[in-house]
Amino acid sequence: MSRPVQARRLEGVDKNIWVEFVKLATTYSTVNLGQGFPDFPPPEFLKEAFSRAVSGEKHMLHQYTRAFGHPPLVKILAQLFGKLLGRDLDPMTNVMVTVGAYQALFCCFQAFIDEGDEVIIIEPFFDCYEPMVKMAGGTPVYIPLRPKAPKEGKLMSSADWQLDPAELASKFSEQTKAIVLNSPNNPLGKVFSRGELELIADLCVKHDALCISDEVYEWLVYDGKEHIRIASLPGMWDRTVIIGSAGKTFSVTGWKVGWTVGSNRLLQHLRTVHQNSVYHCATAAQDAVAQGFQRELEHYGKPDSYFVQLPRELQQKRDQLVQSLVAVGMKPIIPEGTYFLVADISEFKSEVPDVPNSNEPYDSRFAKWMVKNKGVAAIPLSAFYCEAHKDNYNSFIRFCFAKDATLKAADDILQKWKLEKTAP
Ligand code: PMP
């Protein structure tokens, strides 16, 4: 017997539902509301900045730049986050640019997690946290947000999904090295309240745990909700890494520019991982993002700021999708943030029957049925839970509403579906 070719750290992390669902979407879907990316263009000022970066006089923008972040970008990020957090930030030590938020997450787990360390993950969670913790040798410890029934006749809100304080406290132990917080949360769209963040912060301080705070949807909050940064709470600056993404901030997911903001105590270790893995990310894209932030700082809080306009437009799209889904008989959970919406499909069991004792969660079977029979791609919510909890949350699917033409096409299909259902 020859020895296995793959390293032990890949055991149990080699399966990924995205491969299957992306393939299903490309094979069958007319409209893809599955994967999270906008189908509309980024703002003109950002496209112009990128064009200037690649075709202007500054030919050094085609070469390597500073490994830990192109100087104009780290400077403007330090200025913006300094303002948001109310503290002076050093662009060279408190900010590091990464290849998307994805690489920022990877750097955090590699830099902080040892064999035997536990990392608390709040469910439902952005699916890569689990394999990333495991690849670093850590043990994920899961805690689900628990849904409360909405008021009679009302749709549920993502705010109805809450942590049980005693249950959360019980997950912290001597082994806890970190908790991953994702607010606004993908897939639910939950925006954690100050009270919820204080609960998490107090436990982090009490147990000397770090907080990996994935805030990629920080500008996408609706209905006047406020995004609160956990790093601004007492005792948290020194133990939090804030993670952000230009992909979500400026609707350019393909550029893969992300960042981390935090104390030098933490970021120095992220720099070690970054230096010895990707080294740095595309200079021209960083330069354009720096110019985008420069423009946003100048228009901060004004009606023509992209950070004001984008959530306003997305909120309308959210409401449009809610209407279309309600019409067809799904029960959307109104998201307070992000560009995702989770809908309850438990009413569909007569149309798409469950298979008793099947290994596949119902929502996964339903999502496959929907893409094959209706041409609409969505993602089963159970994909955002650990193996042991998948079956407790198997009657929901996630849609992405950062779409223009796609959302209109989806509405046409859903209206037709509704007529078929109501036809005598
Ligand atoms: N975190 C969350 C919660 C996300 O939803 C995503 C993208 N879907 C990322 C991180 C990764 O962001 P990026 O594209 O900047 O790598």
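As the structure is a prediction and not an experimental result, all values here were calculated from the model.

J.: Describe the site of the ligand, listing the residues and the values that go with them.
T.: As a structural note, the neighbourhood of the ligand is formed by 13 residues, with Ala 101, Asp 214, Tyr 217, Ser 245 and Lys 256 the closest of them. Between the ligand and Tyr 217 there is a distance of 2.6 Å, counted from an oxygen atom to a side-chain nitrogen or oxygen. Residues that form the shell around the ligand fall into these classes: six nonpolar, four polar and three charged.

J.: Got a sec to walk through the nonpolar core? Specific residues and values, please.
T.: In summary, soluble globular proteins display a tendency toward joint burial of nonpolar side chains. Met 330 and Phe 399 are the most contacted members of the largest nonpolar core, which totals 141 residues. Two domains share this core, each providing at least three of its residues, namely domain 1 (8-42 + 305-422) and domain 2 (44-299).

J.: Could you give an account of the sheet that holds strand β12 (residues 340-344), with specific residues and numbers?
T.: Spatially, four strands are ordered β11-β12-β15-β14 in an open sheet, and the strand pairing comes out antiparallel. For this open sheet the edge positions go to β11 (331-333) and β14 (379-380), each flanked by a neighbour on one side alone. Pairing of β11 with β12, which is carried by three bridges, proceeds in the antiparallel orientation. Pairing of Ile 333 across the sheet is with Val 342, part of β12. In the packing of helix α11 (residues 306-328) onto the sheet, the strands contacted are β11, β12 and β15 (396-400), and the crossing angle to β12 comes to about 15°.

J.: Explain the pairing of β15 residue by residue, including any values.
T.: A regular strand places its side chains so that they alternate between the two faces of the sheet. A large share of β15 lies buried, amounting to five of its five residues. Alternating positions in β15 separate into two faces, Phe 396, Arg 398 and Cys 400 on one and Ile 397 and Phe 399 on the other, with burial throughout. Bridge count for β12 against β15 is five bridges, and the pairing is antiparallel. Within β15, the position partnered with Leu 341 by the bridge is Phe 399.

J.: Could you give me a rundown of the domain arrangement of the protein, with the residues and numbers involved?
T.: Many analyses report the size of an interface as the accessible area lost when the parts associate. Once the domains are mapped, the protein shows domain 1 (8-42 + 305-422) and domain 2 (44-299). For domain 1 and domain 2, the distance between their C-alpha centroids amounts to 24 Å. Each partner contributes residues to the interface: domain 1 has 43 residues there, and domain 2 has 48 residues. When the two sides are added together, the surface that domain 1 and domain 2 hide from each other amounts to roughly 3,900 Å², 62% of it contributed by carbon and sulfur. If you sort the residues of domain 1 by the area they bury against domain 2, Pro 42, Phe 307 and Glu 336 come out on top, with a joint share of 23%. Counting across the domain 1 and domain 2 interface gives two salt bridges.

J.: Report on helix α9 (residues 264-275), specifying residues and quantitative values.
T.: Here α9 is twelve residues long and its end C-alpha atoms lie 15 Å apart, about the 16 Å a rise of 1.5 Å per residue gives. Of the positions making up α9, those classed as buried are Leu 266, Leu 267, Leu 270, Arg 271, Val 273 and His 274. All buried residues of α9 fall inside an arc of 165° around its axis, so they share one side. Looking at the packing, one finds that the buried side of α9 touches β2 (95-98), α4 (100-112), β8 (210-214), β9 (240-245) and β10 (258-262).

Scoring rules and cut-offs
- Residues numbered from 1 in each chain as written.
- Predicted model: local features only at pLDDT ≥ 70, side-chain atom pairs only at ≥ 80, totals over all residues.
- Heavy atoms only, no water.
- Near = heavy atom within 4 Å.
- Polar contact = N/O pair within 3.5 Å; in protein donor to acceptor, adjacent residues only side chain to side chain.
- Nonpolar A, V, L, I, M, F, W, Y, C, P; charged D, E, K, R; others polar.
- Core = buried A, V, L, I, M, F, W, Y, C linked by side-chain atoms within 4.5 Å.
- Buried < 20%, exposed > 50% of the residue type's maximum accessible area, 1.4 Å probe, protein only.
- Domains from an automatic or database assignment.
- Pairing = 2+ DSSP bridges.
- Helix = DSSP H or I, 4+ residues; strand = E, 2+ residues; numbered from the N terminus.
- Contact = heavy atoms within 4.5 Å.
- Axes fitted to C-alpha atoms, helices over the stretch in contact; angles between N-to-C directions.
- Buried area = accessible area lost by both parts, 1.4 Å probe.
- Salt bridge = Lys/Arg side-chain N within 4 Å of Asp/Glu carboxyl O.
- Expected span 1.5 Å × (residues − 1).
- Arc of directions from axis to C-beta.

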